[in-house]
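Breakdown of the fold
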Number of protein chains: 4
Amino acid sequence: MIPRYCPEPFAELWSPAAKYATWLDVELAACTAMEHPEAALVPPGTAARLRGACLRLDPARIDAIERTVKHDIIAFLTHVEELGGPEARWLHFGLTSSDVLDTSFALLLGRAAGLLAERLDRLIAALARRAQEHAATPMIGRSHGMHAEPIAFGLALAGHLMECKRGRARLRAAREEIAVGKLSGAVGTHAHLSPAIEARALASLGLRPETAATQVVARDRHAAFFAALGLLAAGVERLAVNVRGWQRSEVGEVAEGFGAGQKGSSAMPHKRNPIASENLCGLARLVRGALGPALENVALWHERDISHSSVERAIAPDATTLLGYMLERAAELVTGLEVFPERMRQNIEASAGRCFSEAVLLQLVRAGLGRQQAYAIVQRAALAPPGMGQDFRARLGADPEVAALLAPADLDRCFDLAHALRHVPALVSRALAAE
Amino acid sequence: MIPRYCPEPFAELWSPAAKYATWLDVELAACTAMEHPEAALVPPGTAARLRGACLRLDPARIDAIERTVKHDIIAFLTHVEELGGPEARWLHFGLTSSDVLDTSFALLLGRAAGLLAERLDRLIAALARRAQEHAATPMIGRSHGMHAEPIAFGLALAGHLMECKRGRARLRAAREEIAVGKLSGAVGTHAHLSPAIEARALASLGLRPETAATQVVARDRHAAFFAALGLLAAGVERLAVNVRGWQRSEVGEVAEGFGAGQKGSSAMPHKRNPIASENLCGLARLVRGALGPALENVALWHERDISHSSVERAIAPDATTLLGYMLERAAELVTGLEVFPERMRQNIEASAGRCFSEAVLLQLVRAGLGRQQAYAIVQRAALAPPGMGQDFRARLGADPEVAALLAPADLDRCFDLAHALRHVPALVSRALAAE
Amino acid sequence: MIPRYCPEPFAELWSPAAKYATWLDVELAACTAMEHPEAALVPPGTAARLRGACLRLDPARIDAIERTVKHDIIAFLTHVEELGGPEARWLHFGLTSSDVLDTSFALLLGRAAGLLAERLDRLIAALARRAQEHAATPMIGRSHGMHAEPIAFGLALAGHLMECKRGRARLRAAREEIAVGKLSGAVGTHAHLSPAIEARALASLGLRPETAATQVVARDRHAAFFAALGLLAAGVERLAVNVRGWQRSEVGEVAEGFGAGQKGSSAMPHKRNPIASENLCGLARLVRGALGPALENVALWHERDISHSSVERAIAPDATTLLGYMLERAAELVTGLEVFPERMRQNIEASAGRCFSEAVLLQLVRAGLGRQQAYAIVQRAALAPPGMGQDFRARLGADPEVAALLAPADLDRCFDLAHALRHVPALVSRALAAE
Amino acid sequence: MIPRYCPEPFAELWSPAAKYATWLDVELAACTAMEHPEAALVPPGTAARLRGACLRLDPARIDAIERTVKHDIIAFLTHVEELGGPEARWLHFGLTSSDVLDTSFALLLGRAAGLLAERLDRLIAALARRAQEHAATPMIGRSHGMHAEPIAFGLALAGHLMECKRGRARLRAAREEIAVGKLSGAVGTHAHLSPAIEARALASLGLRPETAATQVVARDRHAAFFAALGLLAAGVERLAVNVRGWQRSEVGEVAEGFGAGQKGSSAMPHKRNPIASENLCGLARLVRGALGPALENVALWHERDISHSSVERAIAPDATTLLGYMLERAAELVTGLEVFPERMRQNIEASAGRCFSEAVLLQLVRAGLGRQQAYAIVQRAALAPPGMGQDFRARLGADPEVAALLAPADLDRCFDLAHALRHVPALVSRALAAE
């Protein structure tokens with residue numbers, strides 16, 4: 001976690017203090033379930049008394065103990081015994097470290113998912129606003145980076161909007177997948193605590209029990225979670241790549257906001273660069289990059305080995321935090337994006353009507369020409385050096401084969417921007433309305 | 001696609017013939033929708049006549065044309081014009097290549113998902129059978145590769161069963177994600193064909209329209225699909241790693257089936273190796289490896305660039321086929337796995353009761369000892385050179401601190417295998433019943 | 001290996017016939033070394049006679065045998081016994097399958113490296129030619145996709161040239177790393193054949209012995225090889241991304257060659273797209289993607305497990321072939337690239353001199369102004385809506401703070417393109433001369 | 001960078017203070033070169049005076065300035081102007097941010113490589129010591145996790161030793177690749193500073209100039225560096241996987257050191273686990289995982305975009321630090337590894353001679369039998385339920401086909417452990433002596 005890219009709530013979420021507090025929550029939830037009359041393993045009131053005694057856990061003390069015992073949960077429990085006295089022996093009763101760690105991990109990752117969802121909602125709202133605003137702003141569509149046919153800028157944003165909405169649905173599903181704890185003991189057999197105790201304790205934490213646990217909650221769940229993060233990051237990256245393309249000097253259709261006092265280059269005072277978008281592209285590489293290690297974590301040996309642990313210590317805070325930062329920054333980017341409709345229109349016009357070549361092709365087909373024949377005729381008129389000359393419409397008009405089939409007015413109708421975009425506002429509306 | 005790892009139905013699915021046939025299906029579905037009286041763009045009966053004329057597409061001819069035009073869809077259409085005559089000009093009317101390619105891709109990937117689902121169901125059935133068979137077969141549980149507490153072999157299989165069931169749910173969701181086509185034209189604006197035509201044509205193919213398309217169906221959908229494949233592969237890998245561990249010479253608890261006439265090593269006639277499991281581990285690396293390129297495919301430039309195309313030509317057949325092979329081979333592996341309960345029991349016994357150390361610890365806690373104190377006492381008795389000596393129970397009995405708190409009978413009760421496994425059959429049943 | 005992306009020599013190299021022939025070469029090299037008087041393990045002339053008898057190996061027959069024995073090397077040996085008769089028993093004497101497989105793999109990968117090196121040399125030559133040709137062709141330099149300061153087009157190519165030369169050096173080093181065989185038997189102990197026999201046989205094949213083998217040649221060597229391929233692919237990708245940027249409709253500084261009869265889009269006849277470059281970007285994802293599995297192959301269990309095998313069956317042919325195709329296509333791309341110096345000059349001029357803003361800044365610093373002060377003055381004059389207005393030089397001239405420090409002639413000297421590029425031809429020459 | 005896995009020197013190396021100090025070094029080296037009489041761009045003594053004025057850079061102040069200017073180098077320079085006064089305007093003269101950043105990055109990464117090299121040397125020394133110690137300690141060799149033929153434990157370690165030595169050679173080469181700076185200005189053209197100034201300044205820092213720079217040093221160099229780290233990590237992982245296999249309860253041939261007071265499990269006091277090795281496996285996933293993003297960083301747009309920056313902020317400290325920790329921990333692991341030769345011998349004996357099956361096979365071949373015939377005979381005697389019965393030698397002796405060809409004494413000679421290992425000490429010595 002790099003401070004530069006770490007929104008405050010993520011710093012807090014992944015702090016040692018939050019981790020130990022969550023461990024304590026899990027231990028006390030288990031203890032409370034063991035106090036329940038049906039279980040009656042632990043004297044009533046124990047959890048409540050320990051909660052009081054342990055209000056101030058000391059992370060530094062826990063770290064110091066760990067240096068001797070080389071086991072983080074044991075260090076934590078030893079510290080809790082220091083604070084809680086003899087009654088603390090009831091904590092961790094029948095549990096194994098992974099019961100606490102994995103159940104806590106579910107809680108922490110779940111909270112991270114919540115923070116991500118809030119930020120994603122803001123990005124979705126920003127995209128929706130701008131998509132609506134520009135539902136009828138003509139822009140040249142580009143395939144292969146080359147002018148294709150016209151679109152509206154709002155339609156491009158609607159595509160990103162839908163991608164974010166799909167990402168939201170995946171994030172929800174992934175959050176469900178990891179909302180699973182376990183208190184089934186050392187090898188998942190409930191040798192010391194019954195399934196009923198587990199069910200009761202986990203329910204109090206808002207979690208379901210792992211159906212058939214080993215020592216741990218199965219890691220395919222977490223890998224699926226990181227896949228959802230990677231997909232979201234890839235979606236934000238697509239938006240960022242597009243902004244970078246639209247802002248290029250020669251294109252000039254949008255510009256990232258530029259703060260008062262901001263400087264674009266240490267050397268060149270004239271520079272104003274799409275640095276937010278570039279930053280998002282880099283961060284996406286990192287978030288996507290977490291998926292490889294997460295997938296390698298799945299095949300733990302037998303009831304488990306501990307190789308996943310170091311991986312998760314890194315990727316869980318890193319990937320969630322970086323994605324949280326990405327979503328915040330992307331929402332700002334979209335909100336603050338300057339849009340230049342006039343330049344968009346100039347760019348459309350720069351192709352001298354070539355962006356309507358398909359309309360001519362289809363008119364010729366309708367007039368009875370074979371498709372490949374018609375294609376050859378239009379292509380002949382259209383191909384020109386890059387930068388595209390000014391003579392497409394004229395060449396077509398002068399072509400005897402075209403003239404034989406299309407009256408000048410028929411030909412003119414092919415170059416109708418409004419007609420080309422007639423369905424677009426409805427498409428944008430459909431995206432705004434979609435889940 | 002390597003013949004060695006390519007089940008027949010996948011070879012067929014990804015053949016050029018199947019590809020071109022699917023393209024034709026899409027073109028004809030679009031054509032039919034354009035014939036519909038509400039659209040009336042194309043003369044009635046055109047699609048039916050072209051279907052008849054194009055029964056025998058010639059992949060070699062299409063390839064030959066492509067060498068000139070350097071565009072696969074145009075080559076296909078040119079060949080269709082050769083077969084279908086002038087009426088063929090109505091094919092591809094208002095469409096762009098990606099309309100055909102992406103819609104076809106949805107159909108092909110969907111069929112691949114179907115083939116995978118069948119194979120996964122067979123693996124799930126095999127795991128369920130063996131889990132039930134061994135729901136009460138005791139085995140030592142292992143964490144860190146070291147003896148932990150007893151489990152039943154069926155419980156370990158139930159864990160794999162659940163992982164496969166989760167994989168099945170993810171595969172279904174991923175299949176839904178990619179069951180999306182588009183016929184919205186060059187840049188997704190429906191400039192030449194209405195949304196109604198698209199909806200009608202796609203419905204006839206069993207697909208939904210992309211909500212806000214660019215030139216293509218958004219690639220996050222496909223990346224999500226490959227993520228589901230990667231997760232499944234990782235789950236099969238976990239099973240394979242476990243079999244490899246259980247079969248090791250010193251462990252000897254299971255053995256992969258070994259055919260009559262099979263040879264394990266060219267040099268050493270005594271060898272019998274878990275090669276299926278090792279093969280599954282390698283293949284999992286490949287299937288997981290498809291995910292990186294799939295995620296990089298998401299951020300296409302603007303309405304799209306074509307960088308995804310070569311990637312998909314490789315990973316779509318490769319990842320689905322390899323996973324199909326993996327699922328088949330894993331099902332055979334599970335079905336044919338030889339299991340040695342006697343050896344499992346010997347292994348449990350080899351620790352001389354150390355696998356019950358937690359039960360002793362908890363008894364001491366119940367008797368009032370602090371957890372860390374109790375731990376120290378039991379650890380002292382348990383730690384021994386690797387291979388673990390024969391004296392754990394005896395050392396405990398001789399320990400005055402233990403004797404002061406636990407009567408010999410209390411101590412004996414800690415070493416009760418049946419008690420330790422009392423909940424396990426119910427856990428296995430739960431997994432069998434789960435979705 | 002996809003036919004579309006498979007140059008002929010690679011298809012041949014990775015054919016079953018070539019594989020079996022190479023296995024035979026290795027077996028016969030070992031046999032010959034065993035015939036040597038110092039070893040005298042095998043009757044003289046055996047290898048020569050077997051070579052004669054086995055001239056026509058039958059891949060289909062080997063495959064048929066493998067279906068029973070489930071071991072490819074044993075199937076091969078059985079077939080060789082069919083052809084060679086009783087003397088064939090001397091083949092594989094003291095060897096294990098991996099001796100043959102890994103030594104053959106070194107030979108095949110080495111040949112692949114040779115094919116790659118030839119193609120890389122052609123790309124290097126093409127880049128060198130075009131870099132020299134355009135060593136003095138002014139072009140706007142771009143950082144963040146935005147106009148920066150002028151460069152020459154040849155300098156950009158020289159950067160790619162150097163990257164390819166570094167890639168060549170890495171490919172050579174990687175080829176050295178894998179030019180290693182082993183004939184040390186089942187677990188690398190030379191239990192049955194002496195190190196001297198191994199050394200003699202490998203030398204005859206142009207290979208060195210693995211220093212301390214297990215059953216196999218260590219897989220870090222191969223992972224290093226695939227890393228070299230991935231790095232080369234990434235370098236080609238950078239070139240391709242740049243071409244795509246330079247060819248964008250609004251930029252128009254270069255264009256990929258476009259064949260007679262070629263069609264850019266099935267829908268839009270006016271299209272002419274940088275499809276070679278896009279294709280190279282996609283293929284780079286695949287070649288880079290081989291590295292993950294290659295690295296996972298390193299940690300084989302103990303003397304080895306066979307999980308690497310399936311991975312290598314896929315990535316060795318695929319990554320080398322795809323990269324071979326990439327290098328061929330990149331060389332064609334560079335050779336055939338149309339370059340438009342006039343458009344480059346227009347693009348430089350479009351910023352109305354802003355690309356010289358640093359020169360003004362430095363003049364003001366020289367004149368005694370603090371850097372940040374000078375920066376603010378120049379930035380004020382330079383910042384303008386995207387697309388950049390026409391008034392930068394004028395605004396500067398009118399700025400009293402500037403006027404106080406710089407005479408108009410001093411200011412004018414800042415806008416000197418030739419001065420800005422005075423060192424460039426020497427830089428290009430340096431790159432041409434470098435190794 | 002996770003404190004848990006961060007050796008002190010790495011924490012220091014990657015601290016903000018070290019970063020800013022290195023930036024200053026680079027700026028002052030450039031300034032000094034500009035003072036040189038041949039350049040005479042800057043008044044003599046400027047660098048020395050600024051060095052004095054800037055002894056105490058304040059990272060917090062720099063961060064505060066950055067929040068306004070949103071550019072880290074400009075923030076740094078602004079702070080330096082605060083400390084250094086008017087003369088500070090000579091800093092950064094003719095430079096661009098990347099000149100400073102990339103040159104500094106070369107220095108920092110180079111130092112990281114130095115720290116890694118020290119740690120790797122210690123691991124190599126530890127492996128060499130233990131390999132020598134156990135050059136004649138018999139151990140069963142294992143392929144596929146199954147008993148193969150005997151090796152010596154020292155030979156297995158020698159394999160790891162050689163892998164580390166190869167990793168050392170790669171690390172050195174990679175360090176050379178990134179020992180490159182640039183001071184060629186905004187787009188690498190030396191528009192404002194001559195190549196001579198760059199050469200002089202970089203030489204004073206121990207670096208070479210980038211041959212043909214863009215705005216940045218080419219990122220394939222850094223990707224190659226991260227590849228070298230990933231390969232090293234994969235090598236350490238292989239060692240760790242092997243230790244985990246050797247320590248498994250049933251195998252028991254080695255054990256990781258276990259500190260006084262250490263606890264292996266919070267639940268099970270008897271546990272003693274190979275946690276260092278498991279930790280190394282997890283960390284290797286992370287270090288290998290840095291390579292994907294590093295390779296994606298290569299294809300920066302044109303003279304560069306800034307997408308690589310965030311990636312490097314994460315992976316440069318993370319991958320070097322984690323690998324540094326890995327190397328330290330691996331060296332401790334090897335040094336402290338408990339080895340149990342007696343258990344190794346028992347494991348060899350457990351196969352009742354099957355590990356010599358190849359010797360019998362070869363004797364039969366020598367006696368004139370066809371290889372596949374001989375194989376069938378030995379396999380028949382050897383195959384038995386896993387765990388391998390006690391009757392291999394006996395069955396062979398009783399086999400009439402064997403008896404017809406081999407006298408009992410001939411057969412006995414096949415089972416000679418010393419003979420099987422006769423070459424091993426020399427192989428270990430060869431590895432110790434190798435570079």
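Please read all numbers here as calculations on a predicted model, not as lab measurements. (Residues numbered from 1 in each chain as written. Chains lettered and ligands numbered in written order. Predicted model: local features only at pLDDT ≥ 70, side-chain atom pairs only at ≥ 80, totals over all residues.)

Concerning the overall build of chain A
Along its length, chain A carries 20 helices and six strands. Computed over the C-alpha atoms, the radius of gyration of chain A is 30 Å, more than 25% above the 22 Å expected from 2.2 N^0.38 for a compact globule of 435 residues. Within chain A, the fraction of its 435 residues that count as buried is 65%. Once local pairs closer than 6 in sequence are excluded, the contacts in chain A between residues at least 24 apart make up 75%. (Helix = DSSP H or I, 4+ residues; strand = E, 2+ residues; numbered from the N terminus. Rg over C-alpha atoms; globule rule 2.2 N^0.38 Å. Buried ≥ 20, exposed ≤ 12 C-beta atoms within 10 Å, placed from the backbone. Contact = placed C-beta atoms within 7 Å.)

Notes on helix α10 (residues 275–289) of chain A
With 15 residues, α10 of chain A ought to run about 21 Å at 1.5 Å a step, and its terminal C-alpha atoms sit 21 Å apart, in line with that. The element α10 of chain A is extensively covered by neighbouring structure, given that 15 of its 15 residues are classed as buried. (Expected span 1.5 Å × (residues − 1).)

Thoughts on the relation of the copies chain B and chain C
In screw terms, the move from chain B to chain C is a rotation of 180° and a rise of 0.0 Å along the axis, fitting with an RMSD of 0.0 Å. Taken together, the turn and the small shift mark the pair as related by a two-fold rotation axis. Ranked by how close their C-alpha atoms come to the rotation axis, the residues of chain B are headed by G289 of chain B, at 3.2 Å. In this assembly, 100% of the residues forming the interface of chain B have copies in chain C that are likewise at the interface, indicating an isologous arrangement. (Least-squares fit on C-alpha atoms with pLDDT ≥ 70 in both.)

Observations regarding the environment of Q363 of chain D
All names here are of chain D. Summarising the element assignment, Q363 is placed in helix α14 (residues 357–366). On the basis of neighbour counts, which here come to 19 C-beta atoms within 10 Å, the residue Q363 falls in the partly exposed class. Q363 sits 232 residues away from A131 along the chain, and the two C-alpha atoms are 32 Å apart. Those residues in contact with Q363 that sit more than four places away from it in its chain are L406, D410 and C414.

Regarding unusual backbone geometry
Backbone phi values are negative for most residues with the exception of glycine, while trans is the configuration of most peptide bonds. A positive phi angle, near 55°, is found at A40 of chain B, a position not held by glycine. Examined against the element boundaries, A40 of chain B turns out to sit in the loop between α2 (16–35) and α3 (46–53). By the C-beta count within 10 Å, which is 10 here, A40 of chain B ends up exposed. Even without glycine at this site, A352 of chain D takes up a positive phi of about 55°. Following the sequence through the fold, A352 of chain D ends up in the loop between α13 (341–349) and α14.

What to know about the domain arrangement of chain A
Interface size is often expressed as the accessible area that is lost when the parts come together. Domain parsing of chain A yields domain 1 (95–258 + 265–342) and domain 2 (354–414). For domain 1 of chain A versus domain 2 of chain A, the distance between C-alpha centres works out to 46 Å. (Domains from an automatic or database assignment.)

Focus on the interface of chain B and chain C
Taken together, the 45 residues of chain B in the interface contact 45 residues of chain C. Elements with a contribution of two residues or more to the side of chain B that touches chain C: α4 (59–69), α5 (72–84), α10 (275–289), α11 (291–296) and α12 (307–336) of chain B. Among the elements that line the side of chain B that touches chain C, the one with the most residues is α10 of chain B, at nine residues. Considering only residue class, the side of chain B that touches chain C consists of 18 nonpolar, 19 polar and eight charged. (Nonpolar A, V, L, I, M, F, W, Y, C, P; charged D, E, K, R; others polar.)

Looking at the relation of the copies chain B and chain A
Here chain B sits on chain A after a turn of 180° about the axis and a move of 0.0 Å along it, with an RMSD of 0.0 Å. The overlap is high: 100% of the interface residues of chain B also sit at the interface in chain A, so the same surface is used on both sides.

Side note on the pairing of strand β1 (residues 138–143) of chain B
All names here are of chain B. The element β1 is extensively covered by neighbouring structure, given that six of its six residues are classed as buried. By the bridge criterion, five bridges tie β1 to strand β2 (residues 146–152) in an arrangement that is antiparallel. What sits directly across from M139, in β2, is I151. In this antiparallel pair of consecutive strands, β1 and β2, the connection spans two residues, and H144 shows a positive phi of 60°. (Pairing = 2+ DSSP bridges.)

Looking at the interface of chain B and chain A
Contacts between the two partners involve 78 residues from chain B, matched on the other side by 78 residues from chain A. Sorting elements by how many residues they give to the side of chain B that touches chain A places helix α9 (residues 220–247) of chain B first, with 13 residues. Split into classes, the residues belonging to the side of chain B that touches chain A amount to 36 nonpolar, 25 polar and 17 charged.

Comments concerning helix α9 (residues 220–247) of chain A
The end-to-end C-alpha distance of α9 of chain A, which contains 28 residues, comes to 40 Å, matching closely the 40 Å that a straight helix rising 1.5 Å per residue would cover. A large share of α9 of chain A lies buried, amounting to 28 of its 28 residues.

Structural notes on the packing of helix α9 (residues 220–247) of chain C against helix α12 (residues 307–336) of chain C
Residue and element names in this part refer to chain C. Axis separation between α9 and α12 bottoms out at 10 Å; the angle between their running directions is 30°. Considering the relative orientation of α9 and α12, their crossing is left-handed. Along the contact surface, α9 presents F226, L229, L232, A233, V236, L239 and V243, while α12 presents I315, A319, T320, L323, M326, A330 and L333. For the contact of α9 with α12, the residue count by class is 13 nonpolar, one polar and no charged. (Axes fitted to C-alpha atoms, helices over the stretch in contact; angles between N-to-C directions. Left-handed = near helix turned anticlockwise from the far one by under 90°.)

Some words on the environment of A227 of chain D
In this structure, A227 of chain D sits in helix α9 (residues 220–247). With 28 C-beta atoms packed within 10 Å, A227 of chain D lands in the buried category. Those residues in contact with A227 of chain D that sit more than four places away from it in its chain are A227 and L231 of chain C together with L291 of chain D.

Considering the environment of I65 of chain C
Residue and element names in this part refer to chain C. Structurally, I65 can be placed in helix α4 (residues 59–69). Taking the C-alpha atoms as reference points, I65 and L77, separated by twelve residues in sequence, lie 9.9 Å from one another. Setting aside residues up to four positions removed in sequence, I65 forms contacts with A75, T78 and H79.

Re the packing of helix α4 (residues 59–69) of chain A against helix α5 (residues 72–84) of chain A
Residues and elements named next belong to chain A. α5 packs onto α4 with a crossing angle of 125° between their chain directions and a minimal axis gap of 8 Å. Classed by the angle they form, the pair α4 and α5 counts as oblique. Along this stretch, α4 crosses α5, giving a crossing that reads as right-handed. In this structure, α4 contributes R61, I62, I65, E66 and V69 to the contact, and α5 contributes D72, I74, A75, F76, T78 and H79. Each residue belonging to the contact of α4 with α5 can be placed in one class, and the counts come to six nonpolar, two polar and three charged. (Parallel < 35°, antiparallel > 145°, perpendicular 65-115°, else oblique.)

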